[in-house]
Amino acid sequence: MALRFRDAIAGAPMLTMAEVAPHVPRPVTLDVDTRYREVGARSFGKGLFFKPDFDGAEATWKKPVWVKAGDLVLSNIKAWEGAIALASEEHDGGIASHRYITCVPDPARMITTFLAYYLLSEDGLEQVGLASPGTADRNRTLSLGNLSKIRVPVPTLATQSAFVRLEAEIAALKAKHAAIREANAALRPATLERVFSAAEPISV
């Protein structure tokens, strides 16, 4: 995948995040009588997850934002270690705390999956790290200003689409192999038990 991606971006123009995937905040006005789903992002490129639902009256943080399918969601304190993810249909309508940044790629220029792959690549994370100054052990803040200046490769949409299809095919193949390994692991003890229970006793 890394080699294919390198080929895909070879000679591609480099544009800023502000040009291809600007920050689009959707402020949430919390209602004390409404229950909300909270979305968070795991570090190391491991995607979004749902935190426990909560009532609006229980909220302790300010300025939450709506998350929509297709958003690129970044933690402003953990993006440098890969807390960057694509929001899917299941995350649509969830909310995130003020610590999260929602970016919306321009569909005429950028496919979100392609952008996420780049930002989570070695080169992309290096740029995000440089844009996230700080001295805390793990909390280094990515400001909106610095994020908007990060430059990303923008090949043609056809090139992006071909790479995204390949990535999806490989992901499906990995999932299939993982399911086979899991099934084999579950089957092995039962198979060994049947083999040994059916074996003839050895005379001595």
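Residues numbered from 1 in each chain as written. Predicted model: local features only at pLDDT ≥ 70, side-chain atom pairs only at ≥ 80, totals over all residues. Heavy atoms only, no water.

(A) Structural view of the overall build of the chain. Within the chain one finds six helices and nine strands. Relative to its 204 residues, the chain shows a buried fraction of 37%. In the chain, 76% of the contacts between residues at least 6 apart in sequence involve partners at least 24 apart. For the chain, the computed accessible surface area is about 12000 Å², with 57% contributed by carbon and sulfur atoms. (Helix = DSSP H or I, 4+ residues; strand = E, 2+ residues; numbered from the N terminus. Buried < 20%, exposed > 50% of the residue type's maximum accessible area, 1.4 Å probe, protein only. Contact = heavy atoms within 4.5 Å. Areas by Shrake-Rupley, 256 points an atom, 1.4 Å probe, with all protein chains shown as cover.)

(B) Molecular detail of the side chain of Q160. You can see Q160 is positioned in helix α6 (residues 157-198). You can call Q160 buried: its relative accessible area is 0%. There is a polar contact of 2.9 Å between the side chain of Q160 and the backbone oxygen of P155. (Polar contact = N/O pair within 3.5 Å; in protein donor to acceptor, adjacent residues only side chain to side chain.)

(C) Structural context of the nonpolar core. Core analysis: the largest hydrophobic core is formed by 29 residues, its most contacted members being M17, L72, L119 and V152. At the level of elements, α1 (2-9), α2 (17-20), β5 (72-75), β8 (100-103), α3 (112-119) and α6 are the ones that each hand at least two residues to this core. Sort the elements by how many residues they give to this core and α3 lands first, with six residues. The next biggest cluster of nonpolar side chains, apart from the first, holds 11 residues, and it includes V39, A41, L48 and A87. (Core = buried A, V, L, I, M, F, W, Y, C linked by side-chain atoms within 4.5 Å.)

(D) Structural detail: the packing of aromatic side chains. Summed over all chains, the structure comprises eight aromatic pairs. Relative to Y118, the ring of F5 has its centre 6.3 Å away and its plane inclined at 20°; by these criteria the two rings are stacked. With F5 in helix α1 and Y118 in helix α3, the pair connects residues that are 113 residues apart, well separated along the chain. For F5, a relative accessible area of 5% gives the class buried. Among the residues examined, Y118 registers a relative accessible area of 6% and is labelled buried. For the pair F114 and F163, a centre-to-centre distance of 5.7 Å together with 85° between the ring planes defines the contact as edge-to-face. (Phe/Tyr/Trp six-rings, centres within 6.5 Å; stacked < 30°, edge-to-face > 60°.)

(E) How the structure looks around the sheet that holds β5. Read from one edge of the open sheet, three strands run β6-β5-β8, paired in antiparallel fashion. With partners counted over all chains shown, the strands left at the sheet margins are β6 (84-86) and β8, one partner each. Geometrically, the sheet is characterised by an average inter-axis angle of 20° between neighbouring strands, direction not taken into account. Looking at chain direction, β5 and β6 are connected through three bridges and run antiparallel. Residue pairing in the sheet places V73 in a bridge with A85 of β6. (Pairing = 2+ DSSP bridges. Axes fitted to C-alpha atoms, helices over the stretch in contact; angles between N-to-C directions.)

(F) Region of the structure containing the environment of P153. Note on placement: P153 falls in strand β9 (residues 151-153). It is 6.1 Å that separates the C-alpha atoms of P153 and I9, two residues lying 144 residues apart in sequence. Those residues in contact with P153, other than ones at most four positions away along the chain, are I9, A12, P13, M14, M110, F114 and Y118.

(G) Seen up close, helix α4 (residues 122-130). All of the buried residues in α4 are G124, V128 and G129. Seen from one end, α4 has its buried residues packed into an arc of 135°, which puts them on one side. Exposed residues on α4 whose side chains face more than 90 degrees from its buried face are E122, E126 and L130. Those residues of α4 that are buried lie in contact with β6 and α3. (Arc of directions from axis to C-beta.)

Honestly, it's all geometry; don't read function into it.
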